[in-house]
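Commentary on secondary and tertiary structure
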Amino acid sequence: MKKFSGACLLLVLLGAIPACSNVKAPVTARQGPDRQEVPVITSDTARQASDSARHTVSKGETLYSIAWRYGHDYKSLAAWNRIKPPFTIYPGQVIKLIPVRKSRALQPPPVEKKQPVKPDRPAALTRETTPTTTAGIRWQWPARGKLLKSSTPTAKKGISIGGRTGQKIVAAATGTVVYSGSGLRGYGNLIIIKHNETYLSAYAHNRDLIVREGETVKGGQQISTMGVDGKGAPVLHFEIRKNGQPVDPLGQLPRT
């Protein structure tokens, strides 16, 4: 009797297996609520971004003026486009405005390791750290006049000095003229001077451009005369840039 009962139980269990085989176990999401999908930038996306970030050189432009227009360091543009000193470019040449990446997907930039900063001793603070001298550059005012408030797109990048039409404009420091022309919208007749590998200065809205590209000028030497801005007001717009980025000229010029 026991053997018969056991055989029946076995047949019942075997008959239940096909019925249970069609039941699927529920799938539980393993992704937590705070987990987010990271978008992958493919090579096609990178190629489209690269194609849109290009500039075709026009007559009269220099690598310095193009870098100034887009807020880049001229050294970066030269490296991205394999342009060697003296950084000569030609009309019709296509300049890449972003670095070229060889990988198939854009990777985040490497994290720069910061070197520990050694504290300065009190004796190291001397008169040489005055605002008139920066990295060996001795700055002076490019024009005499009153500081003006301006709402132009370039106002946040520098200062505006009011004066009279035809007034003398001088180089704010010794350097080499790397641009002299009117190819940058919003600047009028513009002069850009390179002071060293880090600092450039610019003088906008000139009436007469006295110096030419490639000419070496000394601090205080006349380079132009004051013209008018888009509203017809006599003004000099002055900028200083460090590695392509605007810095406040008032932090560099003498406090007079």
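Given the structure is predicted, the values throughout are model-derived calculations rather than measurements.

**Considerations on the pattern of salt bridges**
A side chain with one charge may pair with a side chain of the opposite charge, provided their charged atoms come close. Within the structure shown, the criterion is met by five salt bridges. Taking the shortest distance from any N to any O, the salt bridge between Asp208 and Arg207 comes out at 3.1 Å. The class for Arg207 is partly exposed, based on a relative accessible area of 45%.

**Comments concerning the packing of aromatic side chains**
By the definition in use, this model includes five aromatic pairs. Look at Tyr74 and Phe87: their rings are 5.7 Å apart centre to centre, the planes differ by 75 degrees, and that puts the pair in the edge-to-face class. Linking Tyr74 in helix 4 (residues 74-80) with Phe87 in the loop between helix 4 and strand 2 (94-96), this pair joins segments that are 13 residues apart in sequence. For Phe87, a relative accessible area of 15% gives the class buried. An angle of 50 degrees between the planes, with centres 5.2 Å apart, marks the rings of Tyr203 and Phe238 as tilted. Separated by 35 residues along the polypeptide, Tyr203 in strand 10 (residues 199-209) and Phe238 in strand 13 (residues 234-242) bring together distant segments of the chain. Through a chain of ring-to-ring contacts, three or more aromatic side chains come together here, namely Tyr64, Tyr74 and Phe87.

**Overview of the side chain of Gln167**
By the secondary structure assignment, Gln167 is in the loop between strand 6 (159-162) and strand 7 (168-170). Given the relative accessible area of 9%, Gln167 is considered buried. A distance of 2.5 Å separates a polar side-chain atom of Gln167 from the backbone oxygen of Arg144.

**Notes on the confidence of the model for the chain**
Taken as a whole, the chain shows an average pLDDT of 79; of its residues, 66% reach a score of 70 or greater. The model gives residues 8-14 a pLDDT under 50, and that stretch makes zero contacts with residues more than four places away or in other chains. Note on residues 16-43: pLDDT under 50 across the span, and eight contacts to partners over four residues away in sequence or across chains.

What counts as what
- Each chain has its residues counted from 1, running along the sequence as written.
- At least 70 in pLDDT is required for a residue's local features to be given in this predicted model, at least 80 for side-chain atom pairs to be given and counted, and no such filter applies to totals for whole chains, interfaces and linings, which use all residues.
- Water and hydrogen atoms play no part in the side-chain values, which are based on all heavy atoms of the structure.
- A pair is scored as a salt bridge if a Lys or Arg side-chain nitrogen falls within 4 Å of a carboxyl oxygen belonging to Asp or Glu.
- Three labels apply to residues, based on accessible area from a 1.4 Å probe with only protein chains included: buried if under 20% of the type maximum, exposed if over 50%, partly exposed otherwise in between.
- Between 30 and 60 degrees the pair is tilted, below 30 it is stacked and above 60 it is edge-to-face, where a pair is any two Phe, Tyr or Trp rings, Trp via its six-membered ring, whose centres lie within 6.5 Å.
- Secondary structure is summarised from DSSP: a helix means a run of H or I of at least four residues, a strand means a run of E of at least two, and numbering begins at the N terminus for each.
- In protein, a polar contact requires one atom able to donate a hydrogen and another able to accept it; more generally it is a pair of N or O atoms within 3.5 Å, and residues adjacent in sequence count only if both atoms are side-chain atoms.
- Each residue gets a pLDDT score, which is the predictor's confidence in that residue and runs from 0 to 100.
- The criterion used for residue contact is that any of the two residues' heavy atoms lie within 4.5 Å.

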